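# Reading the structure
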Amino acid sequence: MGKTKQVSLAVNGGIGFGAKLKPKQLIALGQYLDEDQEIELTTFQQLIIKVDEGKAEEATARLNDAGFSVYPVGPYVKSLRTCNFCKGAEEEGMPVAVELNRRIAGKKVPFTLRPAYTGCPNACGEPLINDIGVIKRDERYELYIGGKAVGEDAQAGILLKDCLEPDDLYDLVDKVLNVYRHHGRKRERMAKFVSRYGLDQIKKDVGI
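As the structure is a computational prediction, the values presented were derived from the model and not from experiment.

## Things to note about the packing of helix H4 (residues 166–183) against helix H5 (residues 190–197)
Put simply, H4 and H5 touch, their axes get as near as 11 Å, and they point 80 degrees apart. Classified by the interaxial angle, the pair formed by H4 and H5 is roughly perpendicular. From H4, Val176, Val179, Tyr180 and His183 reach across to H5, where they touch Met190, Phe193, Arg196 and Tyr197. Looking at the contact of H4 with H5 residue by residue, the class counts come to six nonpolar, one polar and one charged.

Here is the structure:
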């Protein structure tokens, strides 16, 4: 009898005050893991687990019920990496982070895309060295694209637009992802795409 095929799931504790989990979440997670199975903890506050393909749908539903968010693994938008929101939900823009994550996480893109958010100019969530970065400044938001943390060509993201209201931020991120989805090459990181396709062309395509 052949070995049961397994699929990978990216499990995240939800957009909240840093990377924190509740006991009930860990209990739910343990139901789908062998005793000696290794779990990968990524820099994007995700746990990568493997479950039997036939149990993937059931596992996703139960993990969601326990308060997890579950995403596909591969060329998709990762869940939003956040800072620890040290000054409180409203002041640090928590509702905006939650809504942004809801809109973009798990969406198909040419290559794995890492978005990051921080609630103040201290930028503890490292938005400037990720593919898409958002910084809350006073009551408005700045959107950066093309940051890259690794390699000899590491670079800070480029400011695409500042002074954005929440709805304008959501709309602009959607437009940027759409441009990347249609014009990015397979396995082309956002930083390389911005360099090849051109910031001016991206601005033209998104209408700014």
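Past the structure itself, the notes keep going.
## Considerations on the packing of aromatic side chains
A complete count under the given rule lists three aromatic pairs for this structure. Ring centres 5.0 Å apart and planes at 15 degrees place the aromatic pair Phe193 and Tyr197 in the stacked group. Remark: Tyr197 and Phe193 occur in helix H5; sequence separation between them is four residues, near one turn of the helix. Residue classification places Phe193 among the buried positions, given a relative accessible area of 1%. Ring pairs connect the aromatic residues Tyr180, Phe193 and Tyr197, which therefore count as one cluster.

## A short note on the pairing of strand S1 (residues 6–12)
In this sheet, strand S3 (residues 46–52) lies alongside S1 in antiparallel orientation, the contact comprising seven bridges. Of the residues in S3, the one forming a bridge with Ala10 is Ile48. Both S1 and strand S4 (residues 69–72) contribute to a ladder of four bridges, which runs antiparallel. Among the inter-strand pairings, Val11 is bridged to a residue of S4, identified as Val70.

## Concerning the nonpolar core
Membership of the largest hydrophobic core comes to 32 residues, with the highest contact counts inside it found for Leu113, Ile132, Leu143, Leu169, Val176, Leu177 and Met190. Of all the elements in the fold, those that place two or more residues in this core are helix H3 (94–104), strand S7 (132–137), strand S8 (140–145), strand S9 (158–164), H4, H5 and helix H6 (199–206). Considering each element in turn, this core owes the most residues, eight residues, to H4. In this structure Leu177 touches Val77, Ile104, Val109, Leu113 and Ile132, once residues within four positions along its chain are discounted. Grouped together as the second largest cluster of nonpolar side chains are 15 residues, Val11, Ile49, Ala59 and Leu63 included.

## Remarks on the environment of Asp65
Inspection of the secondary structure puts Asp65 in helix H2 (residues 56–65). Taking the C-alpha atoms as reference points, Asp65 and Lys108, separated by 43 residues in sequence, lie 24 Å from one another.

## Some details on unusual backbone geometry
Not every positive phi belongs to a glycine, and Asp138 is a case in point at roughly 60 degrees. Among the secondary structure elements, Asp138 is positioned in the loop between S7 and S8. Note on Asp138: relative accessible area 65%, which makes it exposed. Although it is not a glycine, Arg187 sits at a positive phi angle of roughly 60 degrees. Mapped onto the secondary structure, Arg187 falls in the loop between H4 and H5. The exposure class of Arg187 is exposed, given its relative accessible area of 60%.

Rules of the game
Residues numbered from 1 in each chain as written. Predicted model: local features only at pLDDT ≥ 70, side-chain atom pairs only at ≥ 80, totals over all residues. Heavy atoms only, no water. Axes fitted to C-alpha atoms, helices over the stretch in contact; angles between N-to-C directions. Helix = DSSP H or I, 4+ residues; strand = E, 2+ residues; numbered from the N terminus. Parallel < 35°, antiparallel > 145°, perpendicular 65-115°, else oblique. Contact = heavy atoms within 4.5 Å. Nonpolar A, V, L, I, M, F, W, Y, C, P; charged D, E, K, R; others polar. Phe/Tyr/Trp six-rings, centres within 6.5 Å; stacked < 30°, edge-to-face > 60°. Buried < 20%, exposed > 50% of the residue type's maximum accessible area, 1.4 Å probe, protein only. Pairing = 2+ DSSP bridges. Core = buried A, V, L, I, M, F, W, Y, C linked by side-chain atoms within 4.5 Å.

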